[in-house]
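Descriptive analysis of the structure
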Amino acid sequence: LLIRNPRWALPSYFIKMKLHELEDFNNNVTATTHNNSETNPTQEKIKDEQQLWLKWRDYRFEEELNLWALFIDYYMYNGAMYWYTVDFERNGQEPFYYRDESEKPWPQDQHCISDIKGGCVPRTIVSYERLLERGPDELRKIAQVLRNKQGKTM
């Protein structure tokens, strides 16, 4: 299980959501500047994106942090279904139906029972930040889990 500190994970998530828009914008910006403006259009776009991040953070932070914690619970409790199964396709759009703490223990995800040998329990936990800072130590954890696994070569 790869875990990233939510302090860095949430801004990164936001950036990834917006990255394609920034790339499209930067690809369409011409080398000419506006006659009535001394500001660079790219700088204006970055300022707009920063304002958009602040609005998104203020509006979504608690829900996104809660989802980060539920993601951890999913694996720590062997596929604990923190969501309700609905009879329509959500496509990442609200409304989302999540269980609350009073309903624990939550049912187990059928995927963890039927499809994954050994269930949805992490074999090791790797910190994204430590992977960047002390790569070899964290990579050893991954290698140890993969060592001698059928279908995996090291």
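Our subject is the structure listed above.
In this text, all values refer to a predicted model and were calculated from it rather than measured experimentally.

The helix and strand tally for the protein stands at five helices and two strands. Reading the secondary structure of the protein in the N-to-C direction produces β-α-α-α-β-α-α. Long-range pairs, those at least 24 residues apart, make up 59% of the contacts in the protein with a sequence separation of at least 6. Roughly 11900 Å² of accessible area belongs to the protein as shown, and the carbon and sulfur atoms make up 52% of that amount.

Moving on to the side chain of Arg60. The topology assignment puts Arg60 in helix H2 (residues 41-76). Given the relative accessible area of 15%, Arg60 is considered buried. A distance of 2.4 Å separates a polar atom in the side chain of Arg60 from a polar atom in the side chain of Glu64.

With eight residues, the main nonpolar core is built from Leu67, Leu70, Tyr74, Ala80, Tyr82, Trp106, Cys112 and Cys120. A per-element tally of this core places H2 first, with three residues. When residues no more than four places from it in sequence are discounted, the contact partners of Tyr74 are Gly79, Ala80, Tyr82, Trp83, Asp109, His111, Cys112 and Cys120.

What follows deals with the environment of Asn5. In this structure, Asn5 sits in the loop between strand S1 (2-3) and helix H1 (6-28). Distance from Asn5 to Trp68, taken between C-alpha atoms, is 9.4 Å for residues 63 residues apart in sequence. Looking at Asn5, its side chain comes within polar contact range of the main-chain nitrogen of Arg7, at 2.7 Å.

Opposite charge on two side chains permits pairing when their charged atoms draw close. Tallying each qualifying case throughout the model produces eight salt bridges. When the shortest N-O distance is used, the salt bridge between Arg60 and Glu63 registers 3.5 Å. Highlighted residues: Arg60 and Glu63, both in helix H2, separated by three residues, approximately one helical turn. Here Glu101 makes a salt bridge to Lys104, at a shortest N to O gap of 3.1 Å. On the basis of relative accessibility, which here comes to 31%, the residue Lys104 falls in the partly exposed class. Here the salt bridges do not stand alone but share partners, grouping Arg60, Glu63 and Glu64 into one network.

Moving on to the state of the cysteines. One pass over the full model with this rule turns up one disulfide. The disulfide partner of Cys112 is Cys120, and the gap between their sulfur atoms is 1.8 Å. Disulfide Cys112 to Cys120: torsion about the S-S bond roughly -95°, handedness left-handed. Summarising the burial analysis for this pair, Cys112 and Cys120 share the class buried.

So, how was this worked out
Residues numbered from 1 in each chain as written. Predicted model: local features only at pLDDT ≥ 70, side-chain atom pairs only at ≥ 80, totals over all residues. Heavy atoms only, no water. Helix = DSSP H or I, 4+ residues; strand = E, 2+ residues; numbered from the N terminus. Contact = heavy atoms within 4.5 Å. Areas by Shrake-Rupley, 256 points an atom, 1.4 Å probe, with all protein chains shown as cover. Buried < 20%, exposed > 50% of the residue type's maximum accessible area, 1.4 Å probe, protein only. Polar contact = N/O pair within 3.5 Å; in protein donor to acceptor, adjacent residues only side chain to side chain. Core = buried A, V, L, I, M, F, W, Y, C linked by side-chain atoms within 4.5 Å. Salt bridge = Lys/Arg side-chain N within 4 Å of Asp/Glu carboxyl O. Disulfide = S-S within 2.5 Å.

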